[in-house]
Amino acid sequence: MDGLAFPIKATLQFKKLSPVLKVSTNGAYEFPLECGVFVPSPDESKTIGQITENMFYTAPMKDRVQGGMNYGKGSSGGAIRDFDIDPTWDKTQIMVWSKDAGKKSFKTNIEILQGPNNQKQHLNLRCGGSTQPYHAVINTPGAGWKIRCNSKKFLEDGLFEIAVAPYGEVGDGSSPGVLLGSGGF
């Protein structure tokens, strides 16, 4: 998907020791990645933490995702969860956290897609879990949006929760969605 039309804005809480952030793309040189990093003050960080924690506990869609059998490289991993996005949500926020579900690190693939034949946005996350919740805001104008989450860890150690909610003002759902056919029939 086009990062200009569908940017990802995210927050990530770091552990106190040696914070490391890796942002990469598997796209070609013609499709570069542009990234900006902002480190808030301690007071701003506390406020952001309270806002995202409130979102996590009050989200209209929330589910647990369990790891599964991994039989080598490229295996699909554990449970897959799908969330159909309400067409009135012009922006959607996602939060992944294992604070209440085992408190271990998580490894997950999140796909953001619209319609059957459009390109997907992929987020490949590896976070500290209970100490590092991941929160992102994505543009989802119109109908047909879906968020799919897949745990990539083992059954014994891959439990986390994902919460999905609208961000900002809720629209009227009048943005054009996916068009099927040529319209002439």
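Note that this is a predicted model, so its numbers are computed, not measured. (Residues numbered from 1 in each chain as written. Predicted model: local features only at pLDDT ≥ 70, side-chain atom pairs only at ≥ 80, totals over all residues. Heavy atoms only, no water.)

Caption draft 1: Representation of the packing of aromatic side chains within the structure. One pass over the full model with this rule turns up three aromatic pairs. Ring centres of F56 and Y57 lie 5.2 Å apart, and the angle between their planes is 80 degrees; on these two criteria the pair is classed as edge-to-face. Of the residues examined, F56 reaches a relative accessible area of 0% and is grouped as buried. Residue classification places Y57 among the partly exposed residues on the basis of a relative accessible area of 39%. Measuring from centroid to centroid gives 5.2 Å for F56 and W97, while their planes differ by 70 degrees, and the two rings are edge-to-face. Within this pair, whereas F56 is found in helix α1 (residues 42-58), its partner W97 is found in strand β4 (residues 91-97), the two being separated by 41 residues in sequence. (Phe/Tyr/Trp six-rings, centres within 6.5 Å; stacked < 30°, edge-to-face > 60°. Buried < 20%, exposed > 50% of the residue type's maximum accessible area, 1.4 Å probe, protein only. Helix = DSSP H or I, 4+ residues; strand = E, 2+ residues; numbered from the N terminus.)

Caption draft 2: Summary view of the nonpolar core. Among the nonpolar cores identified, the biggest contains 23 residues, and V96, I110, I147, I162 and V164 are the most heavily contacted of them. Listed by contribution, the elements that provide at least two residues to this core are β2 (61-65), β4, β5 (106-114), β6 (121-127), β7 (134-139), β8 (145-151) and β9 (160-166). Ignoring anything within four residues of it in the chain, the contact list for V96 reads F106, I110, L125, P133, Y134, F160, E161 and I162. Ranked by size, the runner-up nonpolar core spans seven residues in total, among them A59, M95, W97 and A165. (Core = buried A, V, L, I, M, F, W, Y, C linked by side-chain atoms within 4.5 Å. Contact = heavy atoms within 4.5 Å.)

Caption draft 3: Focus on the sheet that holds β4. What the five strands build is an open sheet, ordered β1-β7-β4-β9-β2; its pairing is antiparallel. Strand pairing shows two members of the sheet lacking a second neighbour, β1 (8-12) and β2, which therefore form its edges. Pairs of neighbouring strands in the sheet enclose a mean axial angle of 15 degrees, with direction left out of account. Alignment of β4 against β9, held across six bridges, turns out to be antiparallel. (Pairing = 2+ DSSP bridges. Axes fitted to C-alpha atoms, helices over the stretch in contact; angles between N-to-C directions.)

Taken by themselves, the reported measurements are silent on function.
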